[in-house]
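# Geometric and topological summary
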Amino acid sequence: MTLHTKIAGYADPSLHAHGLYIGGQWEKGAGIPVLDPSTGEVLAEVADASVENALRAVDAAETAASQWRQTPPRQRSEILRRWFQLMTDRAEELATLISLENGKALADARGEVAYAAEFFRWYAEEATRIPGEYRHTPSGSHNILVDHEPIGISVLITPWNFPAAMATRKIGPALAAGCTVILKPASETPLTAYAMARLGEEAGVPAGVVNVVTTTNPGPVTNAMLADPRVRKLSFTGSTGVGRILLAEAAKSVVSCSMELGGNAPFVVFDDADLDAALDGAMVAKMRNAGEACTAANRFYVQAGIHDAFVEGLSKRMAGLKIGKGYDADTQCGPMIATKAVQKIDQLVSEAVRRGARATTGGAPLPGSGYFYPPTVLVDVPVDASIAHEEIFGPVAPVYRFESEEEAIRLANDTEYGLAAYVYTRDMKRAMRVGRGIETGMLGINRGLMSDPAAPFGGVKQSGLGREGGVTGILEFMEAKYYAIEL
Ligand code: NAD
(Lines give C-alpha, C1' and ligand atoms only; values in the text may rest on other atoms or scores of the structure.)
Protein backbone atom coordinates (compact mmCIF):
# COMPACT_ATOMS: atom_id res chain seq x y z
CA MET A 1 0.00 0.00 0.00
CA THR A 2 1.52 3.34 -1.00
CA LEU A 3 1.44 6.25 1.37
CA HIS A 4 -0.98 8.12 -0.85
CA THR A 5 -3.37 5.19 -0.69
CA LYS A 6 -2.82 5.20 3.05
CA ILE A 7 -3.92 8.84 3.29
CA ALA A 8 -6.92 8.09 1.12
CA GLY A 9 -7.73 5.10 3.27
CA TYR A 10 -7.59 7.11 6.43
CA ALA A 11 -9.14 10.31 5.22
CA ASP A 12 -11.35 11.39 2.39
CA PRO A 13 -8.99 12.50 -0.40
CA SER A 14 -11.42 15.26 -1.36
CA LEU A 15 -10.30 16.93 1.86
CA HIS A 16 -6.84 17.33 0.41
CA ALA A 17 -5.60 20.14 -1.70
CA HIS A 18 -1.94 20.54 -2.23
CA GLY A 19 -1.92 24.04 -3.64
CA LEU A 20 -2.15 27.49 -2.17
CA TYR A 21 -5.64 28.78 -1.39
CA ILE A 22 -5.90 32.39 -2.54
CA GLY A 23 -9.08 34.33 -3.30
CA GLY A 24 -11.15 31.14 -3.28
CA GLN A 25 -8.91 29.49 -5.92
CA TRP A 26 -6.70 26.45 -5.39
CA GLU A 27 -3.32 27.05 -7.01
CA LYS A 28 -1.38 23.86 -7.63
CA GLY A 29 2.23 23.75 -6.59
CA ALA A 30 5.00 21.71 -5.05
CA GLY A 31 8.20 22.16 -3.09
CA ILE A 32 7.26 21.30 0.50
CA PRO A 33 7.43 17.59 1.31
CA VAL A 34 5.16 16.64 4.22
CA LEU A 35 6.64 13.81 6.27
CA ASP A 36 5.00 11.12 8.34
CA PRO A 37 6.91 11.42 11.66
CA SER A 38 5.98 7.83 12.50
CA THR A 39 8.07 6.51 9.59
CA GLY A 40 10.00 9.43 8.09
CA GLU A 41 8.35 8.79 4.70
CA VAL A 42 6.94 11.51 2.44
CA LEU A 43 3.14 11.72 2.68
CA ALA A 44 2.48 14.44 0.14
CA GLU A 45 3.96 17.59 -1.31
CA VAL A 46 2.41 21.03 -1.02
CA ALA A 47 3.02 24.35 -2.74
CA ASP A 48 5.84 26.59 -1.55
CA ALA A 49 4.62 30.20 -1.64
CA SER A 50 6.80 33.07 -2.81
CA VAL A 51 6.61 36.68 -1.62
CA GLU A 52 4.59 37.41 -4.77
CA ASN A 53 2.04 34.68 -3.85
CA ALA A 54 1.71 36.08 -0.33
CA LEU A 55 1.09 39.59 -1.62
CA ARG A 56 -1.58 38.21 -3.94
CA ALA A 57 -3.18 36.69 -0.86
CA VAL A 58 -3.19 40.18 0.69
CA ASP A 59 -4.84 41.48 -2.52
CA ALA A 60 -7.50 38.77 -2.20
CA ALA A 61 -8.08 39.57 1.49
CA GLU A 62 -8.40 43.26 0.58
CA THR A 63 -10.89 42.56 -2.22
CA ALA A 64 -13.09 40.54 0.15
CA ALA A 65 -12.70 42.88 3.14
CA SER A 66 -15.37 45.53 2.69
CA GLN A 67 -18.15 43.08 1.89
CA TRP A 68 -17.18 40.80 4.78
CA ARG A 69 -17.11 43.59 7.37
CA GLN A 70 -20.57 44.65 6.20
CA THR A 71 -21.95 41.11 6.31
CA PRO A 72 -24.41 41.07 9.22
CA PRO A 73 -22.97 39.46 12.36
CA ARG A 74 -25.76 36.87 12.33
CA GLN A 75 -24.70 35.75 8.86
CA ARG A 76 -21.02 35.60 9.81
CA SER A 77 -22.09 33.64 12.85
CA GLU A 78 -24.05 31.11 10.81
CA ILE A 79 -21.12 30.48 8.49
CA LEU A 80 -18.87 29.78 11.49
CA ARG A 81 -21.54 27.53 12.98
CA ARG A 82 -21.72 25.52 9.74
CA TRP A 83 -17.93 25.26 9.70
CA PHE A 84 -18.07 23.91 13.27
CA GLN A 85 -20.65 21.33 12.16
CA LEU A 86 -18.63 20.23 9.13
CA MET A 87 -15.51 19.79 11.26
CA THR A 88 -17.55 17.78 13.73
CA ASP A 89 -19.09 15.63 10.99
CA ARG A 90 -15.63 15.00 9.48
CA ALA A 91 -13.84 14.69 12.82
CA GLU A 92 -12.47 11.20 12.21
CA GLU A 93 -10.94 12.14 8.85
CA LEU A 94 -9.41 15.30 10.24
CA ALA A 95 -8.06 13.48 13.28
CA THR A 96 -6.40 10.89 11.07
CA LEU A 97 -4.87 13.58 8.91
CA ILE A 98 -3.50 15.37 12.00
CA SER A 99 -2.12 12.11 13.30
CA LEU A 100 -0.47 11.35 9.95
CA GLU A 101 1.34 14.64 9.49
CA ASN A 102 1.94 15.57 13.14
CA GLY A 103 2.45 12.10 14.62
CA LYS A 104 0.22 12.58 17.68
CA ALA A 105 -1.81 9.63 18.94
CA LEU A 106 -5.30 9.38 17.43
CA ALA A 107 -6.91 9.96 20.83
CA ASP A 108 -5.04 13.28 21.09
CA ALA A 109 -5.90 14.13 17.49
CA ARG A 110 -9.59 13.48 18.13
CA GLY A 111 -9.39 15.70 21.19
CA GLU A 112 -7.76 18.41 19.11
CA VAL A 113 -10.44 18.32 16.41
CA ALA A 114 -13.20 18.67 19.02
CA TYR A 115 -11.31 21.54 20.71
CA ALA A 116 -10.57 23.20 17.35
CA ALA A 117 -14.16 23.00 16.14
CA GLU A 118 -15.39 24.51 19.42
CA PHE A 119 -13.60 27.78 18.59
CA PHE A 120 -15.88 28.13 15.56
CA ARG A 121 -18.98 27.40 17.67
CA TRP A 122 -17.84 29.78 20.43
CA TYR A 123 -17.08 32.61 17.97
CA ALA A 124 -20.29 31.92 16.06
CA GLU A 125 -21.94 32.89 19.36
CA GLU A 126 -19.60 35.83 20.09
CA ALA A 127 -20.05 37.33 16.59
CA THR A 128 -23.53 38.45 17.61
CA ARG A 129 -22.41 39.91 20.97
CA ILE A 130 -19.71 42.39 20.00
CA PRO A 131 -19.58 44.82 22.93
CA GLY A 132 -19.90 48.60 22.87
CA GLU A 133 -20.02 51.28 25.55
CA TYR A 134 -21.92 54.49 26.33
CA ARG A 135 -20.91 56.84 29.17
CA HIS A 136 -21.34 60.31 30.56
CA THR A 137 -18.12 62.28 31.00
CA PRO A 138 -17.40 63.16 34.66
CA SER A 139 -17.45 66.86 33.74
CA GLY A 140 -20.80 66.50 32.02
CA SER A 141 -19.41 68.21 28.93
CA HIS A 142 -20.31 65.46 26.46
CA ASN A 143 -21.12 61.79 26.12
CA ILE A 144 -18.82 58.96 25.15
CA LEU A 145 -19.75 56.27 22.68
CA VAL A 146 -17.28 53.45 22.08
CA ASP A 147 -17.76 51.20 19.10
CA HIS A 148 -15.62 48.26 18.02
CA GLU A 149 -14.66 47.92 14.38
CA PRO A 150 -12.86 45.05 12.64
CA ILE A 151 -9.14 45.78 12.78
CA GLY A 152 -8.57 44.81 9.16
CA ILE A 153 -6.54 42.28 7.22
CA SER A 154 -4.94 39.83 9.63
CA VAL A 155 -1.93 37.59 9.11
CA LEU A 156 -2.22 34.40 11.17
CA ILE A 157 0.87 32.28 11.77
CA THR A 158 0.51 28.89 13.45
CA PRO A 159 2.81 26.13 14.73
CA TRP A 160 2.79 22.41 13.92
CA ASN A 161 1.84 21.07 17.36
CA PHE A 162 -1.90 21.81 17.10
CA PRO A 163 -2.40 22.20 13.34
CA ALA A 164 -6.20 22.52 13.61
CA ALA A 165 -6.78 24.25 16.94
CA MET A 166 -4.16 26.99 16.63
CA ALA A 167 -5.72 27.93 13.27
CA THR A 168 -9.36 27.96 14.44
CA ARG A 169 -8.41 29.87 17.62
CA LYS A 170 -7.40 32.72 15.29
CA ILE A 171 -9.71 32.31 12.29
CA GLY A 172 -12.82 32.06 14.53
CA PRO A 173 -12.47 35.44 16.28
CA ALA A 174 -11.06 37.16 13.19
CA LEU A 175 -14.04 36.17 11.03
CA ALA A 176 -16.51 36.84 13.83
CA ALA A 177 -15.05 40.35 14.18
CA GLY A 178 -15.39 40.97 10.43
CA CYS A 179 -11.74 40.62 9.39
CA THR A 180 -10.35 38.80 6.38
CA VAL A 181 -7.25 36.67 6.92
CA ILE A 182 -4.16 35.04 5.48
CA LEU A 183 -3.23 31.88 7.35
CA LYS A 184 0.36 30.69 7.19
CA PRO A 185 0.48 27.26 8.81
CA ALA A 186 3.72 25.52 9.77
CA SER A 187 5.27 23.78 6.77
CA GLU A 188 5.45 20.51 8.76
CA THR A 189 1.64 20.26 9.02
CA PRO A 190 -0.04 22.04 6.10
CA LEU A 191 -2.50 19.28 5.11
CA THR A 192 -4.81 19.91 8.07
CA ALA A 193 -4.96 23.64 7.28
CA TYR A 194 -5.85 23.00 3.65
CA ALA A 195 -8.43 20.37 4.63
CA MET A 196 -10.07 22.88 6.97
CA ALA A 197 -10.05 25.56 4.26
CA ARG A 198 -11.98 23.11 2.04
CA LEU A 199 -14.56 22.72 4.79
CA GLY A 200 -14.70 26.51 5.17
CA GLU A 201 -15.56 26.78 1.47
CA GLU A 202 -18.31 24.21 1.99
CA ALA A 203 -19.59 26.16 4.98
CA GLY A 204 -19.99 29.25 2.79
CA VAL A 205 -16.91 31.34 3.65
CA PRO A 206 -16.76 33.79 0.72
CA ALA A 207 -13.73 33.80 -1.58
CA GLY A 208 -10.82 35.81 -0.19
CA VAL A 209 -12.08 35.90 3.41
CA VAL A 210 -9.72 33.05 4.34
CA ASN A 211 -6.53 32.54 2.33
CA VAL A 212 -3.91 29.89 3.09
CA VAL A 213 -0.27 30.02 2.03
CA THR A 214 2.45 27.54 2.93
CA THR A 215 6.11 28.38 2.55
CA THR A 216 9.60 27.20 3.39
CA ASN A 217 10.65 30.84 3.44
CA PRO A 218 8.52 32.24 6.30
CA GLY A 219 10.74 35.24 7.13
CA PRO A 220 10.66 37.11 3.80
CA VAL A 221 7.09 36.01 3.03
CA THR A 222 5.78 37.28 6.38
CA ASN A 223 7.89 40.43 6.35
CA ALA A 224 6.49 41.37 2.94
CA MET A 225 2.94 41.01 4.23
CA LEU A 226 3.70 43.00 7.41
CA ALA A 227 5.27 45.79 5.34
CA ASP A 228 2.09 46.08 3.28
CA PRO A 229 0.06 48.95 4.78
CA ARG A 230 -3.19 47.07 4.15
CA VAL A 231 -2.21 44.47 6.79
CA ARG A 232 -3.24 45.65 10.27
CA LYS A 233 -2.87 42.61 12.50
CA LEU A 234 -0.41 39.84 13.20
CA SER A 235 -1.58 36.96 15.35
CA PHE A 236 1.28 34.55 15.98
CA THR A 237 1.56 31.28 17.88
CA GLY A 238 4.99 29.73 18.09
CA SER A 239 8.33 29.99 19.82
CA THR A 240 9.43 33.02 21.81
CA GLY A 241 12.51 33.38 19.57
CA VAL A 242 10.46 33.76 16.39
CA GLY A 243 7.91 35.90 18.26
CA ARG A 244 10.62 38.41 19.13
CA ILE A 245 11.75 38.61 15.48
CA LEU A 246 8.17 39.20 14.35
CA LEU A 247 7.49 41.86 17.00
CA ALA A 248 10.54 43.77 15.71
CA GLU A 249 9.33 43.38 12.12
CA ALA A 250 5.77 44.45 12.98
CA ALA A 251 7.13 47.52 14.78
CA LYS A 252 8.37 48.91 11.47
CA SER A 253 4.82 49.35 10.23
CA VAL A 254 3.16 49.57 13.69
CA VAL A 255 1.05 46.47 13.15
CA SER A 256 -1.00 45.26 16.13
CA CYS A 257 0.37 41.98 17.51
CA SER A 258 -1.06 39.10 19.51
CA MET A 259 1.65 36.70 20.55
CA GLU A 260 1.14 33.20 21.98
CA LEU A 261 4.69 32.07 22.69
CA GLY A 262 6.65 29.40 24.54
CA GLY A 263 6.04 27.98 28.00
CA ASN A 264 7.86 26.26 30.84
CA ALA A 265 4.99 25.20 33.08
CA PRO A 266 5.64 24.24 36.70
CA PHE A 267 3.49 21.46 38.18
CA VAL A 268 3.49 21.86 41.97
CA VAL A 269 2.30 19.03 44.22
CA PHE A 270 1.91 19.61 47.96
CA ASP A 271 2.04 16.89 50.63
CA ASP A 272 -1.71 17.19 51.23
CA ALA A 273 -2.63 16.56 47.57
CA ASP A 274 -4.74 13.60 46.50
CA LEU A 275 -1.89 11.51 45.09
CA ASP A 276 -3.95 9.63 42.49
CA ALA A 277 -5.57 12.84 41.25
CA ALA A 278 -2.15 14.49 41.04
CA LEU A 279 -0.78 11.55 39.05
CA ASP A 280 -3.79 11.57 36.70
CA GLY A 281 -3.36 15.33 36.22
CA ALA A 282 0.39 14.96 35.73
CA MET A 283 -0.12 12.45 32.92
CA VAL A 284 -2.53 14.78 31.13
CA ALA A 285 -0.42 17.89 31.70
CA LYS A 286 2.74 16.11 30.56
CA MET A 287 1.63 13.63 27.94
CA ARG A 288 -1.09 15.33 25.90
CA ASN A 289 0.51 15.35 22.42
CA ALA A 290 3.46 13.40 23.87
CA GLY A 291 4.61 16.56 25.61
CA GLU A 292 4.58 18.71 22.47
CA ALA A 293 2.34 21.41 23.96
CA CYS A 294 3.08 24.94 25.11
CA THR A 295 1.09 24.22 28.29
CA ALA A 296 2.95 20.94 28.94
CA ALA A 297 4.17 20.48 32.49
CA ASN A 298 7.92 21.04 32.08
CA ARG A 299 9.02 20.97 35.73
CA PHE A 300 7.45 18.86 38.48
CA TYR A 301 8.00 20.32 41.97
CA VAL A 302 6.89 17.83 44.58
CA GLN A 303 6.92 18.42 48.34
CA ALA A 304 9.32 16.19 50.28
CA GLY A 305 6.63 14.15 52.10
CA ILE A 306 4.96 12.93 48.90
CA HIS A 307 7.97 13.07 46.55
CA ASP A 308 8.98 9.39 46.51
CA ALA A 309 5.42 8.09 46.16
CA PHE A 310 4.78 10.57 43.34
CA VAL A 311 7.97 9.52 41.50
CA GLU A 312 7.09 5.86 41.87
CA GLY A 313 3.52 6.38 40.59
CA LEU A 314 4.58 8.64 37.72
CA SER A 315 7.38 6.29 36.62
CA LYS A 316 4.97 3.36 36.58
CA ARG A 317 2.40 5.22 34.52
CA MET A 318 4.96 6.64 32.08
CA ALA A 319 6.62 3.24 31.60
CA GLY A 320 3.22 1.66 30.91
CA LEU A 321 2.35 3.89 27.93
CA LYS A 322 2.15 2.22 24.55
CA ILE A 323 4.55 3.88 22.11
CA GLY A 324 3.73 3.60 18.42
CA LYS A 325 2.69 5.21 15.17
CA GLY A 326 0.23 7.96 15.93
CA TYR A 327 -2.50 6.51 13.74
CA ASP A 328 -2.31 2.97 15.18
CA ALA A 329 -5.40 2.49 17.31
CA ASP A 330 -3.71 1.50 20.58
CA THR A 331 -0.91 4.12 20.53
CA GLN A 332 -0.70 6.37 23.60
CA CYS A 333 2.60 8.11 22.80
CA GLY A 334 3.39 8.91 19.17
CA PRO A 335 6.62 10.19 17.62
CA MET A 336 8.09 13.67 17.91
CA ILE A 337 7.64 16.01 14.95
CA ALA A 338 11.20 15.68 13.58
CA THR A 339 14.68 14.25 14.16
CA LYS A 340 15.79 17.69 15.35
CA ALA A 341 13.20 17.58 18.15
CA VAL A 342 14.47 14.17 19.32
CA GLN A 343 18.04 15.49 19.29
CA LYS A 344 17.09 18.50 21.39
CA ILE A 345 15.33 16.34 23.99
CA ASP A 346 18.30 13.96 24.04
CA GLN A 347 20.70 16.85 24.66
CA LEU A 348 18.63 18.21 27.55
CA VAL A 349 18.31 14.78 29.19
CA SER A 350 21.98 13.87 28.64
CA GLU A 351 23.16 17.14 30.18
CA ALA A 352 20.94 16.63 33.23
CA VAL A 353 22.19 13.03 33.64
CA ARG A 354 25.82 14.16 33.31
CA ARG A 355 25.10 16.54 36.17
CA GLY A 356 23.68 13.90 38.50
CA ALA A 357 20.10 13.25 37.36
CA ARG A 358 18.82 9.68 37.06
CA ALA A 359 16.14 8.30 34.71
CA THR A 360 13.68 6.00 36.49
CA THR A 361 12.23 5.10 33.09
CA GLY A 362 13.23 5.97 29.51
CA GLY A 363 16.19 8.27 29.05
CA ALA A 364 17.42 7.70 25.48
CA PRO A 365 15.97 8.01 21.93
CA LEU A 366 14.51 4.89 20.36
CA PRO A 367 16.16 3.44 17.24
CA GLY A 368 14.26 3.17 13.93
CA SER A 369 13.07 5.38 11.12
CA GLY A 370 10.35 7.27 13.04
CA TYR A 371 11.20 10.11 15.43
CA PHE A 372 10.59 8.38 18.75
CA TYR A 373 11.61 9.36 22.26
CA PRO A 374 10.20 7.25 25.11
CA PRO A 375 8.27 8.56 28.12
CA THR A 376 10.96 9.46 30.65
CA VAL A 377 11.04 10.45 34.32
CA LEU A 378 14.13 12.14 35.75
CA VAL A 379 14.93 12.54 39.45
CA ASP A 380 17.72 14.34 41.32
CA VAL A 381 17.83 17.00 38.59
CA PRO A 382 19.90 20.10 39.51
CA VAL A 383 17.57 23.13 39.48
CA ASP A 384 20.00 25.02 37.28
CA ALA A 385 20.22 22.31 34.58
CA SER A 386 19.18 23.50 31.09
CA ILE A 387 16.16 21.17 31.22
CA ALA A 388 14.72 23.29 34.05
CA HIS A 389 14.88 26.46 31.95
CA GLU A 390 14.15 25.38 28.38
CA GLU A 391 10.97 24.01 26.84
CA ILE A 392 11.47 20.24 26.58
CA PHE A 393 8.60 19.78 24.10
CA GLY A 394 8.70 16.03 24.58
CA PRO A 395 7.67 13.19 26.92
CA VAL A 396 10.19 13.91 29.67
CA ALA A 397 9.17 14.69 33.26
CA PRO A 398 11.94 16.06 35.49
CA VAL A 399 10.90 15.87 39.15
CA TYR A 400 12.39 18.23 41.77
CA ARG A 401 11.90 18.07 45.53
CA PHE A 402 10.86 21.10 47.61
CA GLU A 403 10.19 21.73 51.31
CA SER A 404 8.13 24.91 51.78
CA GLU A 405 5.40 26.87 49.98
CA GLU A 406 7.72 29.87 49.57
CA GLU A 407 10.35 27.66 47.96
CA ALA A 408 7.77 26.18 45.56
CA ILE A 409 6.70 29.68 44.44
CA ARG A 410 10.31 30.82 44.04
CA LEU A 411 11.20 27.74 41.96
CA ALA A 412 8.03 28.03 39.85
CA ASN A 413 8.93 31.64 39.00
CA ASP A 414 12.56 30.86 38.18
CA THR A 415 11.94 31.09 34.42
CA GLU A 416 11.56 33.74 31.76
CA TYR A 417 8.23 32.14 30.74
CA GLY A 418 4.77 32.53 32.29
CA LEU A 419 2.17 30.69 30.25
CA ALA A 420 0.70 27.89 32.37
CA ALA A 421 1.15 26.43 35.85
CA TYR A 422 -0.50 23.66 37.86
CA VAL A 423 -0.98 23.24 41.60
CA TYR A 424 -2.25 20.20 43.51
CA THR A 425 -3.39 20.59 47.12
CA ARG A 426 -6.56 19.91 49.12
CA ASP A 427 -6.24 23.36 50.75
CA MET A 428 -8.05 25.85 48.50
CA LYS A 429 -6.71 28.84 50.43
CA ARG A 430 -3.21 27.64 49.74
CA ALA A 431 -4.04 26.95 46.09
CA MET A 432 -5.21 30.55 45.63
CA ARG A 433 -2.26 31.95 47.60
CA VAL A 434 0.19 30.01 45.47
CA GLY A 435 -1.78 30.98 42.37
CA ARG A 436 -1.37 34.67 43.23
CA GLY A 437 2.34 34.09 43.80
CA ILE A 438 3.09 32.35 40.53
CA GLU A 439 3.72 34.59 37.52
CA THR A 440 1.52 32.90 34.94
CA GLY A 441 -1.32 33.63 32.54
CA MET A 442 -3.15 30.41 33.43
CA LEU A 443 -3.28 28.16 36.49
CA GLY A 444 -4.78 24.69 36.82
CA ILE A 445 -5.94 23.93 40.37
CA ASN A 446 -6.16 20.18 40.91
CA ARG A 447 -6.57 19.93 37.14
CA GLY A 448 -4.09 18.96 34.41
CA LEU A 449 -5.91 20.52 31.46
CA MET A 450 -6.96 24.16 31.19
CA SER A 451 -7.54 24.83 27.47
CA ASP A 452 -11.13 25.84 26.76
CA PRO A 453 -12.50 28.11 24.02
CA ALA A 454 -14.57 29.99 26.60
CA ALA A 455 -11.50 30.93 28.68
CA PRO A 456 -8.80 33.52 27.95
CA PHE A 457 -5.67 31.65 26.82
CA GLY A 458 -2.31 33.39 27.00
CA GLY A 459 0.80 34.13 28.96
CA VAL A 460 2.85 36.74 30.80
CA LYS A 461 6.59 37.51 30.70
CA GLN A 462 8.23 35.95 27.62
CA SER A 463 5.18 33.77 26.95
CA GLY A 464 3.40 36.43 24.99
CA LEU A 465 1.01 39.33 24.60
CA GLY A 466 -2.78 39.22 24.43
CA ARG A 467 -5.35 36.49 25.01
CA GLU A 468 -7.13 34.12 22.67
CA GLY A 469 -10.58 32.68 23.32
CA GLY A 470 -12.99 33.73 26.03
CA VAL A 471 -15.16 36.81 25.91
CA THR A 472 -12.23 39.15 25.17
CA GLY A 473 -10.66 37.09 22.36
CA ILE A 474 -12.72 38.80 19.67
CA LEU A 475 -11.37 42.21 20.72
CA GLU A 476 -7.86 41.14 19.60
CA PHE A 477 -9.27 41.54 16.07
CA MET A 478 -11.11 44.81 16.70
CA GLU A 479 -10.19 48.43 17.14
CA ALA A 480 -12.08 50.69 19.56
CA LYS A 481 -13.50 53.85 18.03
CA TYR A 482 -14.56 56.67 20.33
CA TYR A 483 -17.28 59.11 19.35
CA ALA A 484 -17.46 62.30 21.46
CA ILE A 485 -21.10 63.39 21.42
CA GLU A 486 -22.07 66.97 22.17
CA LEU A 487 -24.96 67.17 24.60
P1 NAD B 1 8.22 28.22 15.54
O2 NAD B 1 8.31 29.53 16.23
O3 NAD B 1 9.46 27.63 15.01
O4 NAD B 1 7.22 28.31 14.31
C5 NAD B 1 5.90 28.81 14.44
C6 NAD B 1 5.43 29.35 13.11
O7 NAD B 1 6.26 30.46 12.77
C8 NAD B 1 5.55 28.36 11.95
O9 NAD B 1 4.44 28.58 11.10
C10 NAD B 1 6.83 28.79 11.26
O11 NAD B 1 6.85 28.48 9.88
C12 NAD B 1 6.76 30.29 11.46
N13 NAD B 1 8.04 31.00 11.37
C14 NAD B 1 9.28 30.56 11.69
N15 NAD B 1 10.18 31.53 11.49
C16 NAD B 1 9.50 32.61 11.02
C17 NAD B 1 9.86 33.93 10.64
N18 NAD B 1 11.12 34.35 10.68
N19 NAD B 1 8.89 34.75 10.22
C20 NAD B 1 7.61 34.36 10.18
N21 NAD B 1 7.20 33.14 10.54
C22 NAD B 1 8.14 32.28 10.96
O23 NAD B 1 7.48 27.25 16.56
P24 NAD B 1 7.11 25.73 16.36
O25 NAD B 1 8.34 24.93 16.54
O26 NAD B 1 6.31 25.53 15.10
O27 NAD B 1 6.09 25.50 17.56
C28 NAD B 1 6.51 25.24 18.85
C29 NAD B 1 6.51 26.50 19.69
O30 NAD B 1 5.23 27.10 19.68
C31 NAD B 1 6.81 26.22 21.15
O32 NAD B 1 7.68 27.20 21.66
C33 NAD B 1 5.45 26.32 21.81
O34 NAD B 1 5.48 26.62 23.18
C35 NAD B 1 4.82 27.39 21.02
N36 NAD B 1 3.37 27.31 21.14
C37 NAD B 1 2.72 28.26 21.88
C38 NAD B 1 1.36 28.20 22.05
C39 NAD B 1 0.64 29.24 22.86
O40 NAD B 1 -0.58 29.32 22.72
N41 NAD B 1 1.30 30.02 23.68
C42 NAD B 1 0.62 27.17 21.46
C43 NAD B 1 1.30 26.21 20.72
C44 NAD B 1 2.68 26.31 20.56
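Structure's up top.
Presented here is an overview of the structure given in this document. Just so it is clear, the model here is predicted, and its values are computed rather than measured.

## Description of the packing of aromatic side chains
All chains considered together, the criterion is met by 11 aromatic pairs. Measuring from centroid to centroid gives 5.4 Å for phenylalanine 270 and phenylalanine 402, while their planes differ by 85 degrees, and the two rings are edge-to-face. Of the two residues, phenylalanine 270 is situated in the loop between β12 (265-269) and α10 (275-287) and phenylalanine 402 in strand β16 (residues 396-402); the sequence distance between them amounts to 132 residues. There is no split in this pair, since phenylalanine 270 and phenylalanine 402 are both buried. Grouped by ring-pair contacts, the aromatic residues Phe267, Phe300, Phe310, Tyr422 and Tyr424 constitute a single cluster. Cation over ring: lysine 104 sits above phenylalanine 162, and NZ or CZ is 4.3 Å from the ring centre.

## As for the site of the ligand
Close to the ligand lie 28 residues; Thr158, Arg169, Ser239, Leu261 and Glu391 are nearest. Take glutamate 391: an N or O atom from its side chain is 2.5 Å from an oxygen atom of the ligand. Its free accessible area being 840 Å², the ligand has 86% of it covered by the protein chains. Judged by the fraction of its atoms near the pocket grid, the ligand is located in the largest pocket. Contributing elements (two or more residues each) for the shell around the ligand: α6 (165-177), α8 (218-227), β10 (231-237) and α9 (240-252). In terms of residue count, α8 provides more of the shell around the ligand than any other element does, 3 residues in total. The class makeup of the residues in the shell around the ligand is 15 nonpolar, 9 polar and 4 charged.

Here is what the cut-offs are and how they apply
Residues numbered from 1 in each chain as written. Predicted model: local features only at pLDDT ≥ 70, side-chain atom pairs only at ≥ 80, totals over all residues. Heavy atoms only, no water. Phe/Tyr/Trp six-rings, centres within 6.5 Å; stacked < 30°, edge-to-face > 60°. Helix = DSSP H or I, 4+ residues; strand = E, 2+ residues; numbered from the N terminus. Buried < 20%, exposed > 50% of the residue type's maximum accessible area, 1.4 Å probe, protein only. Lys NZ or Arg CZ within 6 Å of the ring centre and 35° of its normal. Near = heavy atom within 4 Å. Polar contact = N/O pair within 3.5 Å; in protein donor to acceptor, adjacent residues only side chain to side chain. Areas by Shrake-Rupley, 256 points an atom, 1.4 Å probe, with all protein chains shown as cover. 1 Å grid on protein atoms, 1.4 Å probe; cavity = no way out; pocket = protein on both sides within 12 Å on 5 of 7 lines; lining within 4 Å. Sits in = over half its atoms within 2 Å of the grid points. Nonpolar A, V, L, I, M, F, W, Y, C, P; charged D, E, K, R; others polar.

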